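# Residue-level structural notes
Given next are the chains, with one letter for each unit.
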Amino acid sequence: MDFLRTVNASEVTVSSVPEGSVVFAKEPLMKVRGPLLVVQLLETTLLCLVNYASLVGTNAARFRLAAGSDKKLIEMGLRRAQGCDGGLSASKYSYMGGFDSTSNVLAGKLFGIPVAGSVAHSYVSSISSPDELKCRTLKPANKQEGEVDFLLLTQSCLRKVCQVLKVPQAETNLGELAAFVSYAIAFPWNFLMVVDTYSVLMSGVPNFCAVALALHQLGYQAVGVRLDSGNLARLSVQIRKIFQVCSKQFEIPEFAKLSIAVSNSISEHSLKLLAQEENEVNVVGVGTHLVTCTRQPSLGCVYKLVQVNDVPCFKLSEDEEKATIPGSKTVYRLNDGNGRPFLDLMTLQDEPPPESRKEVKIYKLGPEFETDVVIPEQVTCLHRIYFKNGQVPVTLVLYLCL
């Protein structure tokens, strides 16, 4: 116990690939050097920090590939995450993995991630009548005119919208309209509403169009709608046609381009299916399957001893996948003439580095000991020192401050 009181990280050095890097399989993400007892004590902490972060980042990248580059992705998993810490980590590493924004406001504050979202169904269903509205007025966007009775303006617009869409106005939900009006008054520049609390096509979309039209008359621009149930692809196509009809009828070009967002337990598989169907989706909100990583619940990074006092050591296992490669290593990324990585090369720390535009003989990982000769156009050392002899390097501190 007396000895443990003296233990610190003053002799520990940590090098790693930069956070957010894309790496190949079976290569060291991080190298920890120091007194054996100290670096053994660090194992659980470092694996906890690296495993989940890398897992979520990888999962987010897979969602991005499934969605394609034309759709915006919002991380919406805080309610399903494993606690607040897990939720914050998921928001951060989803963004690093290719998502465009998060619904987690605290993550936006702490990490500078763009925040996006819409209202909950409970907001819409909590208002049952326009009589419940405490505020009914809204100033025009130019601020030069007096306040307008926005509820009255919206009700007038609803009559016109229902005539154009041939929807009986009596079928629209007045409480839903009042909720939309309430939100539009509070956020006239960020009016994006969930439209499936009641009937999407008979109430939600006509009510949205009425409020969006009223906002336009006062100089504002609505954002769009969110769907959280039903056949998302088919409904998105129907809603886009409604927007186009309103755009033409009311002579508002922006109406045809209003955003259509979808959610509802989106998975990597359902994203791929959505891409195969005709759809008009612009934004996808992903929650449960992203932050809980249901397809692959854990990543399985390991922390293995490879050298003690300049003597290489390794683990030999009945399971070939668990065998380790001995010796302290350096990892180099080899890029082709187009600047794309085609190989990460592991060498022993004392071996000379590969050189660009010169032949390099490589041994491929695996039981066959296959060899090959490659000529990299560019060579980069992947690991950087982030913690040296118990201190964050001064150059890194300056970089972080900048």
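Use the structure listed above.
Scope of this entry: the structure provided in the associated data block. (Residues numbered from 1 in each chain as written. Predicted model: local features only at pLDDT ≥ 70, side-chain atom pairs only at ≥ 80, totals over all residues. Heavy atoms only, no water.)

## Quick look at the pairing of strand S13 (residues 329-335)
The buried fraction of S13 is high, at seven of seven residues. Side chains Lys329, Val331, Arg333 and Asn335 project from S13 onto one buried face, and the interleaved Thr330, Tyr332 and Leu334 project onto a second face that is buried too. Looking at chain direction, S13 and strand S14 (residues 341-348) are connected through seven bridges and run antiparallel. Within the sheet, the bridge partner assigned to Asn335 lies in S14 and is Pro341. What sits between S13 and S14 in their antiparallel hairpin is a turn of five residues, with Gly339 showing a positive phi close to 80°. In this sheet, strand S17 (residues 378-381) lies alongside S13 in antiparallel orientation, the contact comprising four bridges. By the bridge assignment, Asn335 is partnered in S17 with Gln378. (Buried < 20%, exposed > 50% of the residue type's maximum accessible area, 1.4 Å probe, protein only. Helix = DSSP H or I, 4+ residues; strand = E, 2+ residues; numbered from the N terminus. Pairing = 2+ DSSP bridges.)

## As for the pattern of salt bridges
All told, the structure shown has 13 salt bridges when counted by the stated rule. Between Glu268 and Arg62 there is a salt bridge; the shortest N-O distance is 3.3 Å. With Glu268 in helix H10 (residues 268-276) and Arg62 in helix H2 (residues 43-67), this pair connects stretches of sequence that are 206 residues apart. With relative accessibility at 10%, the residue Glu268 sits in the buried group. In this structure, Lys71 and Asp70 form a salt bridge, with 3.7 Å as the shortest nitrogen-oxygen distance. With a relative accessible area of 59%, Asp70 lands in the exposed category. Within this structure, Arg62, Glu268, Lys272 and Arg295 form a network of salt bridges that share partners. (Salt bridge = Lys/Arg side-chain N within 4 Å of Asp/Glu carboxyl O.)

## Some points on the sheet that holds S14
The pairing of strands in a sheet happens through backbone hydrogen bonds and is either parallel or antiparallel. The three strands lie next to each other as S14-S13-S17, forming an open sheet whose pairing is antiparallel. Two strands lie at the open edges of the sheet, namely S14 and S17, each paired on one side alone. The sheet shows a mean angle of 25° between the axes of neighbouring strands, taken without regard to direction. (Axes fitted to C-alpha atoms, helices over the stretch in contact; angles between N-to-C directions.)

## Here we look at the layout of surface pockets
Any space left empty among the atoms is revealed by the rolling of a water-sized probe across them. Estimates place the volume of the second largest pocket at around 670 Å³. Around the second largest pocket, the lining comprises 24 residues; the ones closest to its centre are Met76, Arg79, Ser103, Arg226 and Ser263. A breakdown of the residues in the lining of the second largest pocket according to their chemical character gives nine nonpolar, eleven polar and four charged. (1 Å grid on protein atoms, 1.4 Å probe; cavity = no way out; pocket = protein on both sides within 12 Å on 5 of 7 lines; lining within 4 Å. Points joined across faces, edges and corners; volume = space filled by probe spheres on them. Nonpolar A, V, L, I, M, F, W, Y, C, P; charged D, E, K, R; others polar.)

## Observations concerning the packing of helix H6 (residues 150-165) against helix H7 (residues 174-186)
Interhelical geometry of H6 versus H7 gives an angle of 130° and a closest axis separation of 10 Å. Viewed along their axes, H6 and H7 adopt a mutual orientation that is oblique. Here the hand of the crossing between H6 and H7 comes out right-handed. Here H6 contributes Phe150, Leu151, Thr154, Gln155 and Leu158 to the contact with H7, which in turn contributes Leu177, Val181, Ala184 and Ile185. (Parallel < 35°, antiparallel > 145°, perpendicular 65-115°, else oblique. Left-handed = near helix turned anticlockwise from the far one by under 90°. Contact = heavy atoms within 4.5 Å.)

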